[in-house]
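Remarks on the overall topology
Residues per chain, in single letters:
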Amino acid sequence: MPQHSRISTTFRRAIAVGALAVAASGLLVGCGSDDSTATSNPSTSATTSAAASSSAESSASAAPSASAAASASASAPVTSPGEAATAPPEQPEEVPGDFPGPSEVPVSAEGQKFLDALKSKGIEPAADGTMAVSTADFICQAKAEGKSDVDTMVFVTAMVGTEASAAGQELTQEQATANAQTYVDVAHATYCK
């Protein structure tokens, strides 16, 4: 056999083996999805027949083998999650009439006394005063738990600053600290029991 035809045959065999490897890996990728909803066992007959036909056609070019692998992987069934996992509820739940809740929370009589005392000291609480009353609740709770005045003032100053921002006001650090002290004094005098 001449040297040129031996190299050509060896080259064609190498191409055929490469095409077989590509086809086999394509089939393995197509069948190896690890999907728990698969309902049948994968068969090895496609891989076996592809290997047999590829070795029989070792003298053929690589293009037909590559197209056979592409059509084999394209015809592989695609699995998807079961309908129960992705289906929307049959009837949507009705939204309550007061969703997302009442727009204003009523302020108790003690809370109103606290708000009136703040106003008399020159502090205008934001919106309906619920943030100021929440701050008073915190002040009373901190006092009941025996928290230090320093710890309480750190949080009250932050709460006062947040409330001022909600009301569209900008406070300096000194103003926030002074207002926080007023909150503490008024809460102890009118709100905490």
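Our subject in this report is the structure included herewith. Within every chain, residues take consecutive numbers counted from 1 along the sequence as written. A pLDDT threshold of at least 70 governs which residues receive local features in this predicted model, and a stricter bar of 80 or more applies before side-chain atom pairs are shown or counted, although totals over entire chains, interfaces and linings include all residues. To get the side-chain values, take all heavy atoms of the structure and skip hydrogens and water.

1. Brief notes about the overall build of the chain
Numbered from the N terminus, helices here are DSSP runs of H or I no shorter than four residues, and strands are runs of E no shorter than two. Per the secondary structure count, the chain includes eight helices and zero strands. Scanning the chain from its N terminus toward the C terminus, one meets helices and strands in the order α-α-α-α-α-α-α-α. With a 1.4 Å probe rolled over the protein chains alone, any residue whose accessible area is under 20% of its type maximum counts as buried; one over 50% counts as exposed, and the rest are partly exposed. By the burial criterion, 20% of the 193 residues in the chain qualify as buried. Contacts are residue-level and defined by heavy atoms, with any inter-residue pair within 4.5 Å sufficient. Nonlocal contacts in the chain, meaning residues at least 24 apart in sequence, comprise 65% of its contacts between residues at least 6 apart. All accessible areas in this document rest on Shrake-Rupley with a 1.4 Å probe, and a residue is counted as covered only by the protein chains that are shown. When the accessible surface of the chain is summed, it comes to about 13,400 Å², and 58% of that surface belongs to carbon and sulfur atoms.

2. A few points about the environment of A127
Tracing the chain through its elements places A127 in the loop between α5 (109-120) and α6 (130-144). Note: C-alpha distance between A127 and E163 (36 residues apart in sequence) is 9.1 Å.

3. Quick word on the pattern of salt bridges
Just to be clear on terms, a salt bridge is a Lys or Arg side-chain nitrogen sitting within 4 Å of an Asp or Glu carboxyl oxygen. All chains considered together, the criterion is met by two salt bridges. For K193, the salt bridge is made with E110, and the minimal N-O distance between the two is 3.1 Å. Taken together, the residues span a long stretch of sequence, with K193 in the segment after α8 (173-191) and E110 in helix α5 at a distance of 83 residues. With relative accessibility at 29%, the residue E110 sits in the partly exposed group. Of the charged contacts, one joins K147 and E145 as a salt bridge, the two residues approaching to 3.9 Å between their closest N and O atoms. Given a relative accessible area of 46%, K147 falls into the partly exposed group.

4. Re α8
With 19 residues, α8 extends 25 Å from end C-alpha to end C-alpha; this agrees with the ideal 27 Å at 1.5 Å per step. Among the residues of α8, those classed as buried are A176, A180, T182, Y183, V184, V186, A187 and Y191. Its buried side turned inward, α8 meets α5, α6 and α7 (149-166). An expected span of 1.5 Å times one less than the residue number is assigned to each helix.

5. Thoughts on the packing of α6 against α7
Across the interface, α6 lies against α7 with an axial gap of 10 Å and an inter-helix angle of 175°. As far as their axial angle goes, α7 and α6 are roughly antiparallel. Judged by residue contacts, M131, A132, S134, T135, F138, I139 and A142 of α6 engage T152, F155, V156, M159, T162, E163 and A166 from α7. Amino acids outside the nonpolar list (Ala, Val, Leu, Ile, Met, Phe, Trp, Tyr, Cys, Pro) and the charged list (Asp, Glu, Lys, Arg) are all regarded as polar, and Gly is one of them. Taken together, the residues that form the contact of α6 with α7 break down as nine nonpolar, four polar and one charged. Only the contacting stretch of a helix is used when fitting its axis, a line to C-alpha atoms as for every element, and angles between N-to-C directions run 0 to 180 degrees. Our angle categories are set so that under 35 degrees counts as roughly parallel, over 145 as roughly antiparallel, 65 to 115 as roughly perpendicular, and the remainder as oblique.

6. Looking at unusual backbone geometry
Among all residues save glycine, negative phi is the norm, and among peptide bonds the norm is trans. One non-glycine residue, A127, adopts positive backbone phi at about 50°. Residue classification places A127 among the exposed positions, given a relative accessible area of 82%.

7. Concerning the environment of M131
Relative to the helices and strands, M131 is located in helix α6. Considered as a pair, M131 and A166 are 35 residues apart in the sequence and their alpha carbons are 9.4 Å apart. With residues up to four places along the chain from it excluded, the contact list for M131 reads T162, E163 and A166.

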